[in-house]
Amino acid sequence: MKWNNIQYVYMLGIGGIGMSALARYFNSLGKKVYGYDKTPSPLTEQLINENIIVNYNDEINEIKNAVGHISNKNELLVIYTPAVPKNSKQYNYFIENNYHLFKRAEILGKITEGYYTIAVAGTHGKTTTSTIITHIVNQAGIKCNAFLGGISINYNTNVILNNQAQMIIVEADEYDKSFLKLYPDLCIVTSLDADHLDIYGSIETMKKTYHEFVSQIKNNGKLITKKSNNFNFKSILYYGDNNADYYAYDIRINNGKYIYNIHYPNGHIKDIVLGLPGIHNIENSLAACAIAHQLNISDEIIKSALESFNGVKRRFEKILENNNIIYIDDYAHHPAEIEACINSLKNLYPAKKLTVIFQPHLYTRTRDFMKEFAHSLSLADEIILLDIYPARELPIEGINSEELLKMIPHNRKKIYDKNELIEKIDPAEIEVLLTMGAGDIDRLVEPLKTKLLNRVNA
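The following paragraphs examine the structure supplied in this document. These figures come from a predicted structure and were not determined experimentally.

This part takes up the sheet that holds strand β14 (residues 257–264). Taken in spatial order, the 10 strands of this open sheet run β8-β7-β9-β6-β10-β11-β12-β13-β14-β15, and their pairing is mixed. Both edges of this open sheet fall to β8 (157–160) and β15 (267–273), since each of them pairs with a single strand only. Within the sheet, the average angular offset between the axes of one strand and its neighbour, ignoring direction, is 15°. One ladder, built from 4 bridges, connects strand β7 (residues 144–152) with strand β9 (residues 167–171); its direction is parallel. What sits directly across from Cys144, in β9, is Met167.

What follows is the structure, encoded as structure tokens:
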């Protein structure tokens, strides 16, 4: 397909965070963008407000109504996400009528060609780290494009576009080996905890694929990572202790915020007040600082940007905070992420009871990490489980939230149906609330906030 011929774009799974960013990109270029998604969401509603046409019925007529008038197939770009099931009527229509379908990762790789590319990979922290970098770069006055895996609170979008940009910041997603479509100039690899074993089969295969990705860094490019990741590539190292090129020290908490210093090979940045809570986000800021120095951004700008960074929606997002209740919502769906969130909240509010509501994501992930989930969740003072969010998967016999609940070594634990949670939860019992999950638990955030506020105002 010749890139310049494209006049129309049709996207299967347009409501996904990565797909919606591509939709906005093509819309900004003046292309007519259409798409299908299974259910309405705040993201699809925003796309519709931006004159992108979205349908929610997996029917062939929806395609014909949208792009049936196009006689030249070379004018239509069809993009799909691997999350779209292979029995989708719309997906199969395009296959059967000999359209060339492109995965989201292929298109993102194509877009990055010709740009100085900064890619952020790793099983945790990609979205927050790439968004911090974007904010620092923006504060430095450097024109850039950015494709983010979440909604930046500072900019209220998941894509930053500038037609004068020569730099692009992207997340390098390991799911479906998508990141092998990228050839970055600067690259971060955060962590290599086992994940997506339904794709890789084993952590060894996953790590091997990461090594393949790192080998694609351009000549004279740089890798920023942790020593424990063991890449055979000359790297700038960051971590939370003084065995790295970049590390944080003198970490303290004041008024619910982390204050700390960053040491780097040629100096220090002192008394940083991180605008984003969570001890794990100090590590993310170290990686972002290392990238900023590679771009010759000053310490003063880095410090100011870290303080003014407001975070990413659903990444340790503060929904409510007053003298009676603190409510945090997070995208955490891996045991290591859950543990980091819980520990951060216990550090910030050590005298308060922590209630966790968790919606497991995927049957395969729940099966592969059942013991690890049980351990991480047990760190909370009270646990409420919702049913597993299946996403693209069919049920697996014996894998459900009831089995996970049994494995959690805790007395204060229960399961609620998603539809009864708001009615059953008792605000009088809540001091610190943490909701977590990568499914549709985000639909419960506003109703929970309303119920908690009603208690406060009663």
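Across all of its chains, the model carries 0 disulfides by this definition. Residue Cys289 stays outside any disulfide, its sulfur separated by 17 Å from that of Cys144, the closest cysteine.

A few words now on the packing of aromatic side chains. Inspection of the entire model under this criterion finds 11 aromatic pairs. Summarising the aromatic geometry, the rings of Tyr10 and Phe94 are spaced 5.4 Å apart at their centres and angled 55° between planes, so their arrangement reads as tilted. With Tyr10 in strand β1 (residues 8–12) and Phe94 in helix α4 (residues 89–96), this residue pair connects regions lying 84 residues apart in the sequence. Site record: aromatic cluster; members linked through ring pairs are Tyr10, Tyr93, Phe94 and Tyr99. Taking the ring centre of Tyr99 as reference, the NZ or CZ of Lys73 above it sits at 4.7 Å. Lying over the aromatic face of Tyr331, Arg315 brings its terminal NZ or CZ to 4.1 Å of the ring centre.

The pairing of strand β12 (residues 235–239) with strand β13 (residues 246–254) spans 2 bridges and is parallel. Bridge pairing in β13 links Tyr239 to Tyr247. Strand direction decides the pairing type here: β13 and β14, joined by 6 bridges, are antiparallel. Note on β14: the bridge partner recorded for Tyr249 is Asn261. The turn joining β13 and β14, which pair antiparallel and follow one another in sequence, is formed by 2 residues; a positive phi near 55° is taken by Asn255.

In this structure, Asn296 is a non-glycine residue whose phi angle is positive, near 60°. Since its relative accessible area comes to 73%, Asn296 is described here as exposed. With phi around 80°, Leu362 is a residue other than glycine that occupies positive phi space. Taking the relative accessible area as the measure of exposure, Leu362 reaches 1% and is therefore buried.

Looking now at the sheet that holds strand β4 (residues 76–80). The strand order across the open sheet formed by 5 strands is β3-β2-β1-β4-β5, and the pairing between neighbours is parallel. Whereas interior strands pair on both sides, the edge strands pair on one side only; in this sheet they are β3 (53–55) and β5 (101–103). With strand direction ignored, the average angle separating the axes of adjacent strands in the sheet is 25°. Across 3 bridges, β4 lies against β5 in parallel orientation. Bridge assignment links Ile79 to a residue of β5, and that residue is Phe102. The strands touched by α4 within the sheet are β1, β2 (32–36), β3, β4 and β5, with β1 carrying the most contacts at an inclination of about 130°.

Conventions used here
Here the residue numbering is sequential within each chain, running from 1 through the sequence in written order. In view of the model being predicted, local features appear only for residues whose pLDDT reaches at least 70, and side-chain atom pairs are presented and counted only at 80 or more, with totals across whole chains, interfaces and linings using the full set of residues. Note: side-chain values were computed over all heavy atoms of the structure, leaving out hydrogens and water. Pairs of strands are assigned from DSSP output, requiring at least two bridges between the strands. Runs of E in the DSSP output that reach at least two residues are strands. Runs of H or I that reach at least four are helices, and both are numbered from the N terminus. Every axis corresponds to a line fitted to the C-alpha atoms, with the helix fit spanning only the stretch in contact, and the corresponding angles, defined between N-to-C directions, vary from 0 to 180 degrees. Cysteine sulfur atoms that pair up within 2.5 Å are treated as a disulfide. Only Phe, Tyr and Trp rings take part, Trp by its six-membered ring, and two of them pair if their centres are within 6.5 Å. Stacked means planes under 30 degrees apart, edge-to-face means over 60, and tilted covers everything else. A positively charged side chain is recorded as over a ring if its NZ (Lys) or CZ (Arg) lies within 6 Å of the ring centre. The angle to the ring normal must also be within 35 degrees. Throughout, exposure labels follow a simple rule: accessible area from a 1.4 Å probe, protein chains only, divided by the maximum for the residue type, with under 20% read as buried, over 50% as exposed, and the rest as partly exposed. In this description, contact between two residues means that some pair of their heavy atoms is separated by no more than 4.5 Å.

Keep in mind these numbers describe shape, not what the thing actually does.
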